[in-house]
Amino acid sequence: MVDSFVGYFGPSRFVELLGDPAGLHSFMTLIHPGSPIPATVELMFSLLKDALTPTDGVGVVGGVYSEKFRVPDEIDRLATYMGIPKVDVERLKLISRATAKVDGVAVQDGYELWLHVMVFSVECAWSVVQIGHKNVLRRLYLWNSKRVVERDIVDNPHTLILSDSRSRYCLDFTHSMNLSLREASVEVIKEGIGKLRKVAMSYRPREQRSLLEYVEGAVVDDNPLTSPVRVNWRVLEELYRASPRDFRDLLMHRGVGISTLRFIAICANRLYDVVPTLEDRAVVEVRSDLVGEESEQLCYDLLEAIRYSRIQELRRRELEERLERLFEKLFGPLQN
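Residues numbered from 1 in each chain as written. Predicted model: local features only at pLDDT ≥ 70, side-chain atom pairs only at ≥ 80, totals over all residues. Heavy atoms only, no water.

A. Local environment of the pairing of strand β5 (residues 137-144). Across the 8 residues of β5, 6 count as buried, placing the element largely inside the fold. With 8 bridges joining them, strand β4 (residues 126-134) and β5 adopt antiparallel strand pairing. When the bridges of β5 are listed, His133 appears paired with Arg138. Counting the residues in the hairpin turn of β4 and β5 gives 2 residues, including Asn135, whose phi is positive at 60°. Examined bridge by bridge, β5 and strand β6 (residues 160-163) share 4 bridges and lie antiparallel to one another. The residue bridging Leu140 from the neighbouring strand is Leu162, located in β6. (Buried < 20%, exposed > 50% of the residue type's maximum accessible area, 1.4 Å probe, protein only. Helix = DSSP H or I, 4+ residues; strand = E, 2+ residues; numbered from the N terminus. Pairing = 2+ DSSP bridges.)

And the structure:
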């Protein structure tokens, strides 16, 4: 399937397919019918990582747990064989780190990342797929380079966030309606540590303790602007000295985590009356209203690649019918 698609439409188009909501859904359907589920996502990228070689013009790096920390080395190794310029290699590594920081820190939905996969082409088109977990619930974050080119990496950059369930509260700094929060966050740092300490003392009584302080990585399901938070003053002092230029610069500063960013949001609320939206942008299924004409064309490209592939005829016809049923659900009756 991959050989046929890359042969007809090129490696960058295949990378785009995997970063598109309908495209990924369609490709996953060829492996397992139904909505994309984390176990199938993990299996699919593991198979792609093993099967693809630099000569295919597509690289797959990352994985679950410790594998996600080997991404920079894996990018270096594959890019060398693919002949990608050094400046583009460094950019790919920066994007990998930035997408993980956004979904792990800036999108505070209570999910902890456990899978990070990056797919890139020889032309440096890229897609990132990440999965987070919260108890038995799973959430998929989908990125594509074409989307990020059109928007800033911290301004509603995902092509889709697909989840088993929507959160009651989601302090999402990347929400398009939270531009004022991102701008105020940078201004908060300029106020100085003394003023921020006063905010910390005012919104929470000194004698009040929270059981969450004793649970590493505990998830808060209360309003993030009023619930207790542990403040890392050392990181805030470093930020004050660094004087970040914008929110992306602030987010990417080493040491900035969920608690630090949430405290900055609390300060923005108390000092500047910034009231961020706490809406969860996740959806529970890939719907027709979430895909556009470009997504539809990507899916029909996949169907075309299947039809002209070297897959055994009975199996090929089965896969075609599987895609056609999905397309009727997403796009309506097929046009001959």
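B. Broad picture of the packing of aromatic side chains. Within the structure shown, the criterion is met by 10 aromatic pairs. Seen from their ring centres, Tyr8 and Phe9 are 6.3 Å apart, and the 45° between their planes marks the pair as tilted. Cluster of aromatic residues (ring-pair linked, three or more members): Phe5, Tyr8, Phe9, Phe14, Phe27 and Tyr308. Over the ring of Trp233 we find Arg197; its NZ or CZ atom is 4.3 Å from the centre of that ring. (Phe/Tyr/Trp six-rings, centres within 6.5 Å; stacked < 30°, edge-to-face > 60°. Lys NZ or Arg CZ within 6 Å of the ring centre and 35° of its normal.)

C. Geometry of the pattern of salt bridges. This model, assessed by the stated rule, comprises 27 salt bridges. As a salt-bridge pair, Asp280 and Arg139 come within 2.8 Å of each other at their nearest N and O atoms. Note that Asp280 is positioned in the loop between α12 (258-272) and α13 (293-307) and Arg139 in strand β5, a separation of 141 residues in sequence. Note that Arg307 is salt-bridged to Glu320, the shortest N-O span being 3.7 Å. With Arg307 in helix α13 and Glu320 in helix α14 (residues 313-331), the pair connects residues that are 13 residues apart, well separated along the chain. (Salt bridge = Lys/Arg side-chain N within 4 Å of Asp/Glu carboxyl O.)

D. Up close: the state of the cysteines. Under the defined criterion, the tally for this structure stands at 0 disulfides. We note that Cys170 lacks a disulfide partner, and the nearest cysteine sulfur, in Cys267, lies 20 Å from it. (Disulfide = S-S within 2.5 Å.)

E. A look at the side chain of Asn269. Take Asn269: it is sitting in helix α12. Residue class for Asn269 comes out buried when judged on its relative accessible area of 18%. In this structure, Asn269 is in contact with Val274 and Val275, ignoring residues within four places of it in sequence. (Contact = heavy atoms within 4.5 Å.)

F. Quick peek at unusual backbone geometry. Even without glycine at this site, Cys124 takes up a positive phi of about 70°. Counting through the fold element by element, Cys124 comes out in the loop between β3 (112-121) and β4. Of the residues examined, Cys124 reaches a relative accessible area of 9% and is grouped as buried. Of note, Asn135 is a non-glycine position whose phi angle comes to about 60°, a positive value. Position of Asn135 among the secondary structure elements: in the loop between β4 and β5. According to the relative accessible area criterion, Asn135 is exposed, its value standing at 69%.

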